[in-house]
Amino acid sequence: MKLFRSSSRARILGKVRLPVGRVFRFVPARTEQIRILPVSRAFGLDISDTSLEAVELRVRRGKPLLSAYSRVLLEPGVIANGEIVYQEQLRAALKTLLKEARPGLFSPKAVVSVPESKVYLYTFEFPLALSQKKVREAIPYEVQGVLPIELTDMVTDLLFHRSRAGTTQHVLFAAVPKRLAEQYRELLASVGIEPVTFEVESSAIVRSLVGVRSDPVLLLDVGAHRATLIVVESGE
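Residues numbered from 1 in each chain as written. Predicted model: local features only at pLDDT ≥ 70, side-chain atom pairs only at ≥ 80, totals over all residues. Heavy atoms only, no water.

**Topic: the sheet that holds strand 7 (residues 63-73)**
Line of reasoning, step 1. In space, the six strands of this open sheet follow the order 10-7-6-5-11-15, with mixed pairing throughout. Two strands lie at the open edges of the sheet, namely strand 10 (102-103) and strand 15 (194-200), each paired on one side alone.
Line of reasoning, step 2. The sheet contact formed by strand 7 and strand 10 spans two bridges and is antiparallel. Bridging from a neighbouring strand, Tyr69 pairs with Arg102 of strand 10.
Line of reasoning, step 3. Here helix 1 (residues 87-99) sits on the sheet in contact with strand 5 (43-47), strand 6 (51-60), strand 7 and strand 10, set at roughly 30° to strand 6.
Line of reasoning, step 4. Strands strand 5, strand 11 (109-114) and strand 15 of the sheet are contacted by helix 3 (residues 178-190), whose axis makes an angle of about 145° with strand 15. (Pairing = 2+ DSSP bridges. Helix = DSSP H or I, 4+ residues; strand = E, 2+ residues; numbered from the N terminus. Contact = heavy atoms within 4.5 Å. Axes fitted to C-alpha atoms, helices over the stretch in contact; angles between N-to-C directions.)

**Topic: the nonpolar core**
Line of reasoning, step 1. Judged by nonpolar contacts, the single largest core of 33 residues is most densely connected at Leu45, Ile47, Leu52, Leu90 and Leu94.
Line of reasoning, step 2. Counting only elements with at least two residues in this core, the list comes to strand 5, strand 6, strand 7, helix 1, strand 11, strand 14 (168-177), helix 3 and strand 15.
Line of reasoning, step 3. Of all the elements, helix 3 adds the most residues to this core, at five residues. (Core = buried A, V, L, I, M, F, W, Y, C linked by side-chain atoms within 4.5 Å. Buried < 20%, exposed > 50% of the residue type's maximum accessible area, 1.4 Å probe, protein only.)

**Re the sheet that holds strand 13 (residues 154-162)**
Line of reasoning, step 1. Here three strands make up an open sheet; going across it, the order is 12-14-13 and the pairing antiparallel. The two strands at the open ends of the sheet, each matched to only one other strand, are strand 12 (120-127) and strand 13. When strand polarity is set aside, the average angle formed by the axes of neighbouring strands in this sheet is 20°.
Line of reasoning, step 2. Where strand 12 lies against strand 14, eight bridges are found, and the strand directions are antiparallel. Paired with Glu125 across the two strands is His170, which belongs to strand 14.
Line of reasoning, step 3. Contacts from helix 3 reach strand 13 and strand 14 within the one sheet, and its direction differs from that of strand 14 by about 65°.

Here it is in structure tokens:
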């Protein structure tokens, strides 16, 4: 499972390498990357403590058009601090979300946002000359004593980008408990939704609102129960 959109030539979901699909998003030329999804269609699904929200866009003649959207409010306590408490109630709410989609129907595949309260984010700095392979080998040692649970019990991902000065590379490390990820995956599968990727909510917000700009940006995401500050530098 990946927590950031892939920038490699294929998406890796679990231990299965998926072929490159046709849905992609160009990012600024300075990154020299194309971020790719492994499918031609997928809708975005946001699951919070208070609601389920979904939207799907299609591109026609180079312009994004709304294909389907839906929103369902959850009864208090169905999800508490990102944890699913009442699975049957949540399953019923997901079915209602799909049934009430307008103006069209959702595709069966989804990009699902991970509850921010359950994501552990840390930033590390490495020499620019150090390869991504070497960085990945060093990360397990860097996060020892930082995570509240064993690394083997977490699903992890990394996001690489250069520092503003261009002399070092910043690595954003994200981790969520495997138990939680599997719980969401199984519940979504039970209503016919296939999560092609899980994504950190703040990453999706940055991609949607900031766009192509090099100056630092501070975003404030105010939710029903919590607020999140997001610092963006060079679009990352």
